[in-house]
Amino acid sequence: MDHFPGTWGRPRNDVYGAYDPTYLQTTGPKTHTSSPAVTGTSVIGVKFNGGVVLATDNLASYGSLARFTDVKRLRVFGDNAVVGFGGDVSDMQYIDRLLESIDIRENYSTHGNMLNAKNLHTYLAKVFYKRRSEFNPLWNHVLVAGFDVDGKPFLSSADLLGTTFSAPHLATGFGAHLAVPILRRRFPEEMPIEEITREEAVSALKDCLKVLFYRDARSIDKYSIAVITKEGIDLKEDEQIEGQSWAFAERIRGYGRQTN
Amino acid sequence: MTSIGTGYDLSNSVFSPDGRNFQVEYAVKAVENGGTAIGIRCKDGVVLAVEKIITSKLLKPGSNKRIATVDRHVGIVSAGLVPDGRHFVSRARDEASSWRGTYKAPIPTSALANRLGGYVQAYTLYSSVRPFGVTSIVGGWDCEAELAVDGQVGSGPKSGSGGKVEGAPAGGPGLYMIEPSGLYWGYYGAATGKGRQAAKAELEKLDLTSGKLSLSEGVKEAARIIYVAHEDSKDKEFELEMSWISSLDGPTNGRHEEVPKEIREEAERFAKRALEGEDEEEQMEE
């Protein structure tokens, strides 16, 4: 019997050796804000004739654990702008509240919230850049969808470093590797967005979501999709990936019957 | 005012021997000269209206709004010194925003009125400041539905324990009036400014306590009451400014908005007809 309570519950020195106190850092910079904790994976978006579609799945992972399965990662701003969030979920919530306060302030004036998706994207990119310059980044990669001043469909990305990038179709995270090639094949560079219909855009995103669910281990088969047109935002937040076929997985080592 | 010249009215925060604070009473006088402002608490919303006296023909019609939005669900209209009213609204916005910062939800109208009452009262306590030269009417709609917390991303567990009472009544209309002393009460119908006596008399005829008056009727009545209250200062031009906050299933979806032009003009036609009708009745009696 060990009669010293101070040593109870600790690895025994005679078994594990004495504890190395150098592991207990008492000085040095704060580091927990510089890596994400609960994360969302890819966001994908496509412009079409008269609008933009944006989609994400509904998962928030804690490391490799599928921790929250009904998370809404598409956030509406004003009458026709949507932000799709990848990366840290608590930073997403912070940004969501920030945008909420901006929307409230904009509505103080008689003409209401006049900010379009392009204004919103510029603002968000500057927030990201400011925070990373303070070594306290907001750990997100976002797609902003809506319209610009001229009323043309707008789709652009901003990331935790403040980097911005614009294209007729975009994807963040794993989607940048898996979805973009599919979208490029579907909608080649020389194809003007006026030739892309809403149905084609939606079905392309659904196919991308399916591929992402097959191959991205941090994804789930429940998703949200927002179609932004001049008429407004059609947001569905409780969708299910249809027509899955895992036949291909039989040939993948480590998945089906094969064990080596 | 027999007490003028006794010296007790020269500094703020000083009581006279008979227990009055003259600076506050003078602030009330400033309010009594302002354009009439009213608020009506209806069963499915709140209406705010103000008689905006046109001080110059060079002012653009419909500009220089006197009713302000606070957060999304509250409107404030005041009678008295316009800049004091602006500062008051600015404070209300700060309070609403700080409430959101703490509770991640919109501020209830009652809580906002309470904080503003406290703020105005503080301006009666110090010799370095003067009291507010406004009486303000605060109207709002507290959401009757289950409200998501700001920034909420999911719906939480579908099973397990929870302390939520289902079907408990929540939310509804709120109407408060805050005076220069910091005094505030909740009202069914509130009126302040030059024509407040006539407006109060009309509000009392409406039977607001039974909670039967609908928002659309309230808009018409509000317009009529402003027109009635304007009768005594007929020589001056005025514009009617009206805003409303409806229930979630109403025309503004729980938001504070300006009453649309068509509805306002319809209400003004109704108001003018009602006034002409009264004149005819008077002539008949004669």
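Residues numbered from 1 in each chain as written. Chains lettered and ligands numbered in written order. Predicted model: local features only at pLDDT ≥ 70, side-chain atom pairs only at ≥ 80, totals over all residues. Heavy atoms only, no water.

1. Considering the overall build of chain B
Piece 1. If you tally the helices and strands in chain B, you get six helices and 10 strands.
Piece 2. Computed over its C-alpha atoms, the radius of gyration of chain B comes to 21 Å, within 12% of the 19 Å expected for a compact globule of 286 residues.
Piece 3. Overall, chain B is about 70 × 55 × 40 Å in size when its C-alpha atoms are taken along their principal axes.
Piece 4. Within chain B, counting contacts between residues at least 6 apart in sequence, those at least 24 apart form 70% of the total.
Piece 5. Of the accessible surface of chain B, which amounts to about 14800 Å², a share of 52% is contributed by carbon and sulfur atoms.
Piece 6. Taking the 34 positively charged and 42 negatively charged side chains of chain B as two groups, their mean positions are separated by 6 Å. (Helix = DSSP H or I, 4+ residues; strand = E, 2+ residues; numbered from the N terminus. Rg over C-alpha atoms; globule rule 2.2 N^0.38 Å. Contact = heavy atoms within 4.5 Å. Areas by Shrake-Rupley, 256 points an atom, 1.4 Å probe, with all protein chains shown as cover. Lys, Arg positive; Asp, Glu negative; His and termini not counted. Charge placed at Lys NZ, Arg CZ, Asp CG, Glu CD.)

2. Some details on empty space enclosed by the protein
Residues and elements named next belong to chain A.
Piece 1. The final tally for this structure, using the stated rule, is one cavity of 30 Å³ or more.
Piece 2. Here the largest cavity defines a volume of roughly 60 Å³.
Piece 3. Lining of the largest cavity is provided by Thr 41, Ser 42, Thr 56, Asp 57, Arg 73, Leu 209, Leu 212, Phe 213, Ser 219, Ile 220, Tyr 223 and Ile 241.
Piece 4. Going through the elements one at a time, strand S3 (51-57) and helix H5 (198-215) are the ones with two or more residues in the lining of the largest cavity.
Piece 5. Considering every element that reaches the lining of the largest cavity, the biggest residue donor is H5, with three residues. (1 Å grid on protein atoms, 1.4 Å probe; cavity = no way out; pocket = protein on both sides within 12 Å on 5 of 7 lines; lining within 4 Å. Points joined across faces, edges and corners; volume = space filled by probe spheres on them.)

3. Focus on the sheet that holds S3(A)
All names here are of chain A.
Piece 1. Taken in spatial order, the five strands line up as S11-S2-S3-S12-S13 in an open sheet, and their pairing is antiparallel. The sheet terminates laterally at strand S11 (169-171) and strand S13 (232-240), the two strands that pair on one side only. Within this sheet the neighbouring strands show an average axis-to-axis angle of 10°, counted without direction.
Piece 2. In the sheet, S3 pairs with strand S12 (residues 222-229) via seven bridges, with the strands oriented antiparallel. Counterpart to Leu 54 in the pairing with S12 is Ala 226.
Piece 3. In the packing of helix H4 (residues 174-186) onto the sheet, contacts are made with strand S2 (43-48) and S11, and the angle to S11 comes to roughly 160°.
Piece 4. The sheet strands contacting H5 are S2, S3, S12 and S13, and the helix crosses S2 at an angle near 160°. (Pairing = 2+ DSSP bridges. Axes fitted to C-alpha atoms, helices over the stretch in contact; angles between N-to-C directions.)

4. Structural notes on the layout of surface pockets
Piece 1. Its volume calculated, the largest pocket comes out at about 1300 Å³.
Piece 2. If you go around the largest pocket, you meet 42 residues; those closest to its centre are A:Glu100, B:Arg72, B:Arg100, B:Leu147 and B:Ala148.
Piece 3. Sort the elements by how many residues they give to the lining of the largest pocket and helix H2 (residues 89-106) of chain A lands first, with four residues.
Piece 4. Among the residues making up the lining of the largest pocket, the classes are represented as 17 nonpolar, 10 polar and 15 charged. (Nonpolar A, V, L, I, M, F, W, Y, C, P; charged D, E, K, R; others polar.)

5. A closer look at helix H5 (residues 215-230) of chain B
Piece 1. With 16 residues, H5(B) should reach 22 Å at 1.5 Å per residue; the first-to-last C-alpha distance of 22 Å fits that figure.
Piece 2. The buried fraction of H5(B) amounts to 13 of the 16 residues, a majority that puts the element mostly inside the structure. (Expected span 1.5 Å × (residues − 1). Buried < 20%, exposed > 50% of the residue type's maximum accessible area, 1.4 Å probe, protein only.)

6. Some points on the nonpolar core
Residue and element names in this part refer to chain B.
Piece 1. Judged by nonpolar contacts, the single largest core of 28 residues is most densely connected at Ile 38, Ile 40, Leu 240 and Met 242.
Piece 2. For this core, the secondary structure elements donating two or more residues are strand S1 (37-42), strand S2 (45-53), helix H4 (196-205), H5, strand S9 (238-246) and helix H6 (261-285).
Piece 3. If you tally residues by element for this core, the top one is H5, at nine residues.
Piece 4. The contacts of Leu 240, once residues within four sequence positions are left out, are Ala 49, Val 50, Ala 223, Ile 226, Tyr 227, Arg 264 and Glu 268. (Core = buried A, V, L, I, M, F, W, Y, C linked by side-chain atoms within 4.5 Å.)

7. Digging into the confidence of the model for chain B
Residue and element names in this part refer to chain B.
Piece 1. Averaged over all residues, the pLDDT of chain B equals 92, while 94% of them reach at least 70.
Piece 2. Looking across chain B, the model is least confident in H6, with a mean pLDDT of 84, and most confident in helix H3 (residues 109-122), with 98.
Piece 3. Interface scoring of the predicted complex returns ipTM 0.89; its pTM is 0.88. (pLDDT = per-residue confidence, 0-100.)

8. Details of the interface of chain B and chain A
Piece 1. Each partner contributes to the interface: chain B provides 18 residues, whereas chain A provides 15 residues.
Piece 2. Here chain B and chain A share an interface that buries about 1300 Å² over both sides, 47% of which is from carbon and sulfur atoms.
Piece 3. On the chain B side of the interface with chain A, the three residues burying the most area are B:Arg72, B:Gly151 and B:Val153, jointly 42% of the side's total.
Piece 4. Scanning the region where chain B abuts chain A turns up three salt bridges.
Piece 5. One salt bridge in this structure joins A:Glu100 and B:Arg100, with 3.6 Å as the shortest N-O distance.
Piece 6. Of all the secondary structure elements, the ones that give two or more residues to the side of chain B that touches chain A are strand S3 (67-70) and helix H2 (82-103) of chain B.
Piece 7. Of the residues assigned to the side of chain B that touches chain A, the class counts are two nonpolar, six polar and 10 charged. (Buried area = accessible area lost by both parts, 1.4 Å probe. Salt bridge = Lys/Arg side-chain N within 4 Å of Asp/Glu carboxyl O.)

9. Details of the UniProt feature "domain: Proteasome alpha-type subunits" (unreviewed entry) in chain B
Piece 1. Residues annotated in UniProt with the feature "domain: Proteasome alpha-type subunits" (unreviewed entry) correspond here to residues 8-30 of chain B.
Piece 2. Between the end C-alpha atoms of residues 8-30 of chain B the distance is 19 Å, and the span holds 39% helix and 0% strand. (UniProt positions renumbered as here; feature names shortened; annotations may be inferred.)

10. Let's talk about the environment of A:Pro137
All names here are of chain A.
Piece 1. Within the secondary structure, Pro 137 sits in the loop between helix H3 (117-133) and strand S8 (140-147).
Piece 2. A relative accessible area of 12% places Pro 137 in the buried class.
Piece 3. Separated by 46 residues in sequence, Pro 137 and Asp 91 place their C-alpha atoms 9.1 Å apart.
Piece 4. Those residues within four positions of Pro 137 in sequence are excluded, and the remaining contacts are Thr 33, Asp 91, Arg 131, Arg 132 and Leu 160.

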